[in-house]
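Fold and geometry: a report
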Amino acid sequence: MTQALQYATRLTPAAVERLVARGLWERTTMAAACDRFAAERPSAIAVTDAAHRYTWQELKTLTDGLAVSLVRLGLNRGERVLVQLPGGAAEMIVRLALKKAGLVGAYAPVQWREQELAEALRRLGPAAVILPLEFKGHTPATLFERVEGAASVRLRICLEATPPRGWVALPQLLAHCASAAEVEALCALQVRFDEISTVTSSSGSTGLPKLCAWPEAAQLALARGVAERTQLTAADAVGIFCPIAGGGGLMLAVCCGFVPCKYTIAGDYSAEALLSLVERERLTVIATVPAI
């Protein structure tokens with residue numbers, strides 16, 4: 001029997017069945033949808049950024065390999081992983097891999113500093129973190145090591161290929177090519193439709209971050225609503241021009257589990273960089289925020 005994710009909510013089995021009966025929730029997951037898209041459209045582009053392009057089949061291979069690597073490193077089903085990544089295709093890969101490994105991804109803005117990180121560590125108790133060593137002149141990894149509560153995190157993963165002592169390089173984990181048996185074993189681990197799979201943060205401009213728990217089916221319900229309102233189809237090219245850690249980017253990012261179009265995730269929000277992506281990728285739908 002698959003172990004339940006250890007994340008307490010007010011969501012009861014009866015409430016889940018009511019949501020399903022009303023057609024608001026479906027008994028599927030984003031990871032399952034992306035794997036289906038890989039079978040149906042293996043050579044179609046799934047996700048791009050300024051430097052990378054991955055097909056749906058490549059996305060499946062990368063997420064399978066990363067999920068297996070995380071399990072082999074000792075992460076257990078239901079544990080939380082605090083993720084701070086700049087915009088880019090890597091974030092979609094990490095999000096789907098965590099779901100496949102049965103891990104709860106908690107996503108925080110990469111701009112967070114000591115106070116916000118300490119509060120998140122206290123409330124989440126993550127088993128692992130994934131973040132860059134450097135970001136726009138700052139050193140998130142060094143900052144993390146100074147934060148109260150960091151010592152309790154068992155696994156530290158950095159975005160760069162050359163990790164410092166005590167850290168593991170994400171590119172090394174992505175290089176693992178999962179065997180058929182390893183992929184089969186993931187089926188018993190991956191997040192179910194009625195379980196919490198994502199935690200987002202919301203704090204406005206003041207105060208400590210508020211953490212918002214999202215069941216998997218709720219994310220797909222959001223995806224369906226956004227896709228229907230924007231009339232999104234597989235022929236579209238979506239540009240995500242704001243952080244996925246926030247609501248603006250998340251609204252279209254979750255659509256990757258509903259519509260198999262191309263998703264371009266920006267990491268540089270300057271007008272020149274964004275307009276270049278619009279032209280290069282022939283984007284038809286964009287998610288952004290007023291400041292950008």
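Refer to the preceding data block for the structure.
All values reported here derive from a predicted model rather than from experimental measurement. (Residues numbered from 1 in each chain as written. Predicted model: local features only at pLDDT ≥ 70, side-chain atom pairs only at ≥ 80, totals over all residues. Heavy atoms only, no water.)

Let's shift gears to helix α3 (residues 56-72). For an α-helix, the turn length of 3.6 residues means that residues three or four places apart are oriented alike. For α3, which comprises 17 residues, the first-to-last C-alpha distance of 24 Å matches the rise-based estimate of 24 Å (1.5 Å per residue) to within 8%. Where α3 is concerned, the buried positions are Trp 56, Leu 59, Leu 62, Thr 63, Asp 64, Gly 65, Leu 66, Ala 67, Val 68, Ser 69 and Leu 70. Directly after α3, the chain includes Gly 74, whose backbone phi takes a positive value near 105°. (Helix = DSSP H or I, 4+ residues; strand = E, 2+ residues; numbered from the N terminus. Expected span 1.5 Å × (residues − 1). Buried < 20%, exposed > 50% of the residue type's maximum accessible area, 1.4 Å probe, protein only.)

On to the nonpolar core, then. Of all hydrophobic cores here, the largest spans 60 residues; its most connected members are Trp 56, Leu 232 and Tyr 263. Residues contacting Leu 232, with those up to four places away along its chain left out, are Ala 227, Val 238, Cys 255, Val 259, Cys 261, Tyr 263 and Val 285. Counting residues in each nonpolar core, the second largest holds 22 residues, with Leu 82, Ala 120, Val 147 and Val 153 among its members. (Core = buried A, V, L, I, M, F, W, Y, C linked by side-chain atoms within 4.5 Å. Contact = heavy atoms within 4.5 Å.)

Looking now at the packing of aromatic side chains. Aromatic ring pairs are described here by two measures, namely the spacing of the ring centres and the angle between the planes. In the structure shown here, the tally under the stated rule is two aromatic pairs. A ring pair is formed by Phe 37 and Trp 56, whose centres lie 5.2 Å apart and whose planes are at 75°; its orientation type is edge-to-face. Taken as a pair, Phe 37 in helix α2 (residues 30-40) and Trp 56 in helix α3 lie far apart in primary sequence, 19 residues in all. As far as the burial class goes, Phe 37 and Trp 56 line up, both buried. Between the aromatic rings of Phe 144 and Trp 167, the centroid separation amounts to 6.2 Å while the plane-to-plane angle is 80°, which identifies the pairing as edge-to-face. Of the two residues, Phe 144 sits in helix α6 (residues 140-146) while Trp 167 sits in the loop between β6 (155-158) and β7 (168-169), which places them 23 residues apart along the sequence. Sitting above the plane of the Tyr 107 ring, Arg 95 keeps its charged end 3.6 Å from the centroid. (Phe/Tyr/Trp six-rings, centres within 6.5 Å; stacked < 30°, edge-to-face > 60°. Lys NZ or Arg CZ within 6 Å of the ring centre and 35° of its normal.)

Moving on, we get to the side chain of Arg 77. Structurally, Arg 77 is set in the loop between α3 and β3 (80-83). At 2.5 Å, the side chain of Arg 77 and the backbone oxygen of Leu 189 are in polar contact. (Polar contact = N/O pair within 3.5 Å; in protein donor to acceptor, adjacent residues only side chain to side chain.)

Okay, the sheet that holds strand β12 (residues 285-287) next. The strand order across the open sheet built from five strands is β2-β1-β11-β10-β12, with neighbouring strands paired in mixed fashion. The open sheet is flanked by β2 (53-55) and β12, the only strands paired with a single partner. Going from strand to strand, the sheet's axes swing by 20° on average, the running direction of each strand aside. Sheet contacts for helix α11 (residues 271-281): β1 (45-48), β2, β10 (237-240), β11 (262-265) and β12; angle to β11, the most-contacted strand, approximately 160°. (Pairing = 2+ DSSP bridges. Axes fitted to C-alpha atoms, helices over the stretch in contact; angles between N-to-C directions.)

A few words on helix α9 (residues 216-230). Taking 1.5 Å as the rise per residue, α9 with 15 residues should run 21 Å; its terminal C-alpha atoms sit 21 Å apart, in good agreement. Residues of α9 that are buried include every one of Glu 216, Ala 217, Ala 218, Gln 219, Leu 220, Ala 223, Arg 224, Val 226 and Ala 227, and no others. In this structure, the buried side of α9 is in contact with α2, α4 (89-100), β8 (196-202), β9 (210-215) and α10 (247-253). Directly beyond the C-terminal end of α9, a positive phi value near 55° is found at Gln 231.

Looking now at the packing of α2 against α3. Each pair of packed helices can be described by the angle between their axes along with the distance between the axes. Interhelical geometry of α2 versus α3 gives an angle of 135° and a closest axis separation of 8 Å. Taken together, the axis directions place α2 and α3 in an arrangement best described as oblique. Here the hand of the crossing between α2 and α3 comes out left-handed. Contacts between α2 and α3 involve Cys 34, Asp 35, Phe 37 and Ala 38 from the first element and Trp 56, Gln 57 and Lys 60 from the second. The residue makeup of the contact of α2 with α3, split by class, is four nonpolar, one polar and two charged. (Parallel < 35°, antiparallel > 145°, perpendicular 65-115°, else oblique. Left-handed = near helix turned anticlockwise from the far one by under 90°. Nonpolar A, V, L, I, M, F, W, Y, C, P; charged D, E, K, R; others polar.)

This part covers the packing of α2 against α4. Orientation of α2 relative to α4, taken along the N-to-C sense of each, is 115°, at an axis distance of 9 Å. With respect to their mutual orientation, α2 and α4 come out roughly perpendicular. Here α2 runs over α4; the crossing is left-handed. Across from Met 30, Ala 31, Cys 34 and Asp 35 in α2, the residues of α4 making contact are Leu 96, Lys 99 and Lys 100. Of the residues in the contact of α2 with α4, the class split is four nonpolar, no polar and three charged.

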